[in-house]
Amino acid sequence: MIYSLIAIGIGILMLIMAVIAILNDKLSVAVIAAGVVSLFASVLFLLMAAPDVAMTEAAIGSGLSTLIFFYVLNKIKRQNA
Amino acid sequence: MKFKNIFVAFLVILLGWMLLTWSLELQSILLGVGISAVLSLLLCGSCTLFNEINLTPKAFAYSFWYLIVFLIELVKANIDVTRRVLSPSMPINPGIVKVETTLKSKMARLILANSITLTPGTFTIEINDDALYVHWIDVESDDVEGATKAIVSKFEKLLEVMYG
Amino acid sequence: MLRNFLIALVLASFGFIFLNLYNSYEPKTELTGIAAHYAENGASEVGAANLVTAVVVSYRSFDTLGEITILFLTAAIISFFLKLSNEDENKVIIHKGTSEILKTASQLLIPLIFLFGVYVFINGHLTPGGGFQGGAIIASGVVLAIMANPNMTINHTVIVWVESLSGVTVVIIGVLGIILGGGFLDSTLDGYGLGEFGTVFSAGTIPVIYSLVGLKVGAEISNILNKYQKSQKES
Amino acid sequence: METLELGKIGLLIGFLLVIVGFWGILQQKNIIKIIVSFTILNTGINLVMVALGYIKGRTAPIIDDSVEQLANHNVINAIVDPVPQALVLTAIVIGFGVTSLLLAYAMKLFRAKKTLEINQFNDLKW
Amino acid sequence: MDNIVIYIALVMLMVTLLAGLIRFVKGPSVVDKVVGFDSMTITSLVMIGVIAYLSNRAIYLDVAVVYGFLSFLGVIIVAKYIQGGL
Amino acid sequence: MGETIKLIGEIFLLIGSFSLMTAAVGLLRMPDVYNRVQTGTKASTLGALMSFVGLAMMSFDHWQETNWVGRFLVLVIFILLTNPVSSHVLMRAAYAMKIPLSKLTSVDKLKEDINNKVLEEPKDE
């Protein structure tokens, strides 16, 4: 019961973040929002009794993917300037 | 000097391993010693982090004292922030002031900057040679001496003993 | 206009399918089939406390072998794509904004991060985590080092050697499984024993394989990130 | 309280994330935004798969003292399904590989045309 | 009602998450958005601790350490991107 | 004994989450980004710290079985090390981006010394 309430709260936050990621014009904000979606997904995985998956999502899905996105954005910014 | 660096790093890593595994079985400790030795030789061969640390009992006692002072300041910081945030008029008077430090050791400067960041109303923005630029939420004195006395001095005299 | 209408149509049909799936979903109450077998016999057959690790490294270790091959291929393709010309290679770009505090803190943090990564993959059969997570944490430690000193160069030879050696060793252990155990990549070797359940040295060859996988994944991801970081030099 | 079951909530959030990701892929015209939408879709599918393996009131498939207390030494009644978790573990790592490949392509494309708008890449259009 | 204290704490954590979200949506500059992001991750770190306590599994806390480190790294990456030093 | 420790732990948890909420209110009310980072970091660091200490005390009954204390200690040390550093880097980036200080600001010594190559040349986003 208490788990379900936490899951509903986090799920609503995730959906709002996903919509921001798609609708926002600034690329950097979109990438950060996608990273937040992944981070909250890892809390949900933990709620659903999957700590291994939660750890992988936090480390790979959120952290390293966001890093690569920022490398590409930085490159684009540098070439535009 | 290099040996001291590696030795202190070895102790720190071994302590981390013991905290993580929390077991006193022989094989776990042996594995931890092996991993700590490899990591400290590999990563701390060239680092200068623990150069100036003092390995005397006095310094050890002072670090405990420092921890207590720091925790008290942390709680004070929190009460201060709560008061400012929750009062309707928000009594803030922010500004960026310059303070000076005499510390040379890198580790001591890191600890000093982090302590300033976590104590009431002050926040390190930039550190450059012996000058620290501090964002102060309620500026009491904007000249260098007064600000140094108010922000830095209580930590500095302890850190000077710990890092010679 | 027509495009928006088509998009709405596609999304509505997907929504309809998902709604049907959601409505007809009956939550499980029991473990069935192969999952029940793994849950019942995993601890005695493989000796790993973490059943996910048992599935990944022992029951389905071919998948893992394929997975690290895919990562290796990805690293190879990316280094082919982002290859620099000779004049770009020697270019120096100015990196702004590294404060002294970040440099010092990274020197303090990196050994601790590496230690945590090693802890995660050595204890992969007891606690959550394993080779992939540990490797990713080690790669993040490398990233922190790059963030603190942007002009640092990673020694490419070391990465290649670590990667190849750990890959070859995994395959050799797999072949040992044919000779001493029940088949390729069998983690329970005869004469090696399963060890006492719940201690670090248990579960046959699982800790060894997962440590090697961790080193290999760490090297591969560091390689990918290194390529991306170097590609900033390209004009 | 049938509707408030955790497995169903996870499934619903996963499906909604998949739809949002699809919407982004179809509607956006910037390549980077499409890749961002792809990662969101990926997360949604992983959520669906893990939610399918969840069983109410059970704990993670890692056997230690607390699990054995929970089901008086009968592990099969205390843990959730480990197989979908193992599959998702693989899926996340491969998703990272795919994302990095896509981004490498995007970088190359940007270098070729100095733009990220997908309408400009019409060389192969007939 | 298993534990009233946990409920109150969870409500406060949810309020904090919501405030971080509002700062993320509203924030005029990117730095404001990152501050909101930082606040949200620290709050969910505490939430992972609460979940571990509720499930009575200490091993969930390993996930919290990874989570904390990766959010720290994320903030540093964005800050360096803003300054153009990546 | 166990009950008392558990009660103290619950009080700690409540204080911690209240501090986090204070940080959130500060995040919403403060006038410019520097003050937001200030209140946000300080209150959330202490909040997370106190919550973890409280949770460690609340799990007192299970200390024999698994390692609660060590893992909570690792978390606390980790937060104490990383949180000030990340917010310092963030604040520095904000200053380099030339986000204006609020009108309430009385003194800005850094601006006077900026020619002194203190911050590198700022670049807009």
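The paragraphs below set out a description of the structure included in this document. Since the structure is predicted, the reported quantities are computational estimates derived from the model, not experimental observations. (Residues numbered from 1 in each chain as written. Chains lettered and ligands numbered in written order. Predicted model: local features only at pLDDT ≥ 70, side-chain atom pairs only at ≥ 80, totals over all residues. Heavy atoms only, no water.)

Moving on, we come to the packing of aromatic side chains. Summed over the entire model, instances satisfying the criterion amount to 15 aromatic pairs over all chains. Grouped by ring-pair contacts, the aromatic residues F14(C), F18(C), F15(D) and F22(D) constitute a single cluster. The ring of Y81(E) is capped by K77(A), whose NZ or CZ atom sits 4.4 Å from the centre of that ring. Directly above the aromatic system of F24(E) lies the positively charged group of K33(E), at a separation of 5.6 Å from the ring centroid. (Phe/Tyr/Trp six-rings, centres within 6.5 Å; stacked < 30°, edge-to-face > 60°. Lys NZ or Arg CZ within 6 Å of the ring centre and 35° of its normal.)

Let us look at the layout of surface pockets. In this structure, the second largest pocket encloses a volume near 1200 Å³. As for the second largest pocket, its lining consists of 35 residues, and the residues nearest its centre are L42(B), L43(B), I110(C), F114(C) and V142(C). Counting residues per element, the ones that place at least two in the lining of the second largest pocket are helix 2 (26-43) of chain B together with helix 6 (100-122), helix 7 (131-148), helix 8 (156-180) and helix 9 (206-230) of chain C. Considering each element in turn, the lining of the second largest pocket owes the most residues, 9 residues, to helix 6 of chain C. (1 Å grid on protein atoms, 1.4 Å probe; cavity = no way out; pocket = protein on both sides within 12 Å on 5 of 7 lines; lining within 4 Å. Points joined across faces, edges and corners; volume = space filled by probe spheres on them. Helix = DSSP H or I, 4+ residues; strand = E, 2+ residues; numbered from the N terminus.)

Attention now goes to empty space enclosed by the protein. Counted under the stated rule, the structure contains 13 cavities of 30 Å³ or more. In this structure, the largest cavity spans a volume of roughly 210 Å³. Lining the largest cavity we find 19 residues, and of these S38(A), G61(A), S65(A), T39(D) and T43(D) sit closest to its centre. Breaking the lining of the largest cavity down by element, the ones donating at least two residues are helix 2 (27-47) and helix 3 (51-80) of chain A together with helix 2 (31-53) and helix 4 (82-113) of chain D. Counted by class, the lining of the largest cavity contains 7 nonpolar, 11 polar and 1 charged residues. (Nonpolar A, V, L, I, M, F, W, Y, C, P; charged D, E, K, R; others polar.)

Let us now look at the side chain of E5(D). Inspection of the secondary structure puts E5(D) in the segment before helix 1 (6-27). One buried charged residue, E5(D), forms no salt bridge at all, with the nearest opposite charge on K56(D) at 5.7 Å. In this structure, E5(D) is in contact with S4(A), P27(C) and K56(D), ignoring residues within four places of it in sequence. (Buried < 20%, exposed > 50% of the residue type's maximum accessible area, 1.4 Å probe, protein only. Lys, Arg positive; Asp, Glu negative; His and termini not counted. Salt bridge = Lys/Arg side-chain N within 4 Å of Asp/Glu carboxyl O. Contact = heavy atoms within 4.5 Å.)

As a further point, take helix 6 of chain C. Residues and elements named next belong to chain C. Taking 1.5 Å per residue as the helical rise, helix 6 with its 23 residues ought to reach 33 Å, and the 34 Å between its terminal C-alpha atoms agrees with that figure. Along its length, helix 6 shows its largest kink, about 30°, at L109, and proline P111 lies within four residues downstream of that point. In terms of residue burial, helix 6 counts as a mostly covered element, since 19 of its 23 residues are buried. (Expected span 1.5 Å × (residues − 1). Bend = angle between axes of the 7 residues up to and from the residue.)

All names here are of chain B. If you walk across this open sheet you meet the 3 strands as 1-3-2, and the pairing is antiparallel. In this open sheet, the two edge strands, each paired with only one partner strand, are strand 1 (95-100) and strand 2 (122-128). Taken over all neighbouring pairs, the strand axes of this sheet differ in orientation by 30° on average, direction set aside. Bridge count between strand 1 and strand 3 (residues 131-136): 6 bridges; the pairing is antiparallel. In the sheet register, E100 faces strand 3, and the bridge partner there is A131. Packed onto the sheet, helix 4 (residues 106-118) meets strand 2 and strand 3 and runs at close to 150° relative to strand 2. (Pairing = 2+ DSSP bridges. Axes fitted to C-alpha atoms, helices over the stretch in contact; angles between N-to-C directions.)

This part takes up the pattern of salt bridges. A complete count under the given rule lists 9 salt bridges over all chains for this structure. A salt bridge links E30(C) to R58(D); the nearest nitrogen and oxygen atoms lie 3.9 Å apart. Of the two residues, E30(C) sits in the loop between helix 1 (2-23) and helix 2 (33-45) while R58(D) sits in the loop between helix 2 and helix 3 (65-70), which places them in two different chains. Given a relative accessible area of 43%, E30(C) falls into the partly exposed group. Under the relative-accessibility criterion, R58(D) is labelled buried at 11%.

A separate point is the arrangement of the chains. Most contacts, when the 12 pairs of chains in contact are compared, are made between chains B and F. Where chain B comes nearest to chain E, the C-alpha atoms are still 9 Å apart, and the two do not contact one another.

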